[in-house]
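Per-entry structural report
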Amino acid sequence: MVLKLYGLAMSTCAQRVLITLKEKNVEYELVPVDLMKGAHKSPEFLEKQPFGKIPYLDDDGFIVYESRAICRYIENKYKGQGTELIPTEVKEAAIFEQGASIELSYYNEAVSVLAYENIFKGMFQPGSSPDAATVKSQTEKLAASLDAYEKVLSKQPYIGGNSFTLADVFHIPYGELLFKQGLGDLLSGDQRPHVKEWWNKISSRSSWQEVKKL
Ligand SMILES: N[C@@H](CCC(=O)N[C@@H](CS)C(=O)NCC(=O)O)C(=O)O
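Here is what the cut-offs are and how they apply
- Residues numbered from 1 in each chain as written.
- Predicted model: local features only at pLDDT ≥ 70, side-chain atom pairs only at ≥ 80, totals over all residues.
- Heavy atoms only, no water.
- UniProt positions renumbered as here; feature names shortened; annotations may be inferred.
- Near = heavy atom within 4 Å.
- Polar contact = N/O pair within 3.5 Å; in protein donor to acceptor, adjacent residues only side chain to side chain.
- Areas by Shrake-Rupley, 256 points an atom, 1.4 Å probe, with all protein chains shown as cover.
- Helix = DSSP H or I, 4+ residues; strand = E, 2+ residues; numbered from the N terminus.
- Nonpolar A, V, L, I, M, F, W, Y, C, P; charged D, E, K, R; others polar.

Per an unreviewed UniProt entry, the protein chain carries the name glutathione transferase and comes from Acrasis kona. Check the Sequence similarities (unreviewed entry) section of the UniProt entry for the protein chain; it says "Belongs to the GST superfamily. Phi family."

Describing the site of the ligand
Close contacts around the ligand come from S11, T12, C13, R16, H40, K41, K53, I54, P55, E66, S67 and R68, and that covers them all. Within the side chain of K41, an N or O atom sits 3.4 Å from an oxygen atom of the ligand. Within the backbone of I54, one N or O atom sits 2.8 Å away from a nitrogen atom of the ligand. Against a free-state accessible area of 510 Å², the protein chains account for coverage of 74% of the ligand. Residue assignment for the shell around the ligand shows that the elements contributing at least two residues are α1 (12–23) and α3 (67–77). Counting residues per element, the shell around the ligand draws most heavily on α1, at three residues. Partitioning the shell around the ligand into residue classes produces three nonpolar, four polar and five charged.

What follows is the structure, given as structure tokens:
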């Protein structure tokens, strides 16, 4: 049975998984979940994903949720197929885990709060506007983190080491949304040349170009 991903192609968390599926050349079916109608809070959905969030994966009855965990599951299940997204050599694996933790610790909160304030808030609460103080503080926090990224990326080409990995994949969807908020310069400005080079490389992957068209 083909893997079933419950989510939406426009959801950043589902996009992480979709990029992974494309990189691994794995067949899948995307089953839409109507967030506007609250389908993700229905008893049937909560049975599979108790936190009421998209996405979750159904692999012939085996359920896994949390986008990063789903990506790791797909990589481990399809090891040897498509792009290798988690290195196996012990030191390379450690640097990969370091990169994955960097994304979760120093990037995800700022980019997700910014996307909420500048994009999603208005969609879910029509008439509301971004909180200027939150936008300012999260932008400053992200800029400070990216200064540290610049140091990391001056020593290695990818955030998870010497090759493209899931640590890079995890950054892509929210990174792209920064450009839709007029904040793309944080990633592609000349003030951080190694971040710029890294962002250009990871965002031009054909997997992401295909996911953007879904
Ligand atoms: N840590 C979770 C986050 C999931 C998440 O926040 N999903 C969002 C879409 S990107 C969602 O379901 N939002 C609807 C809601 O919170 O009601 C993951 O990575 O899967």
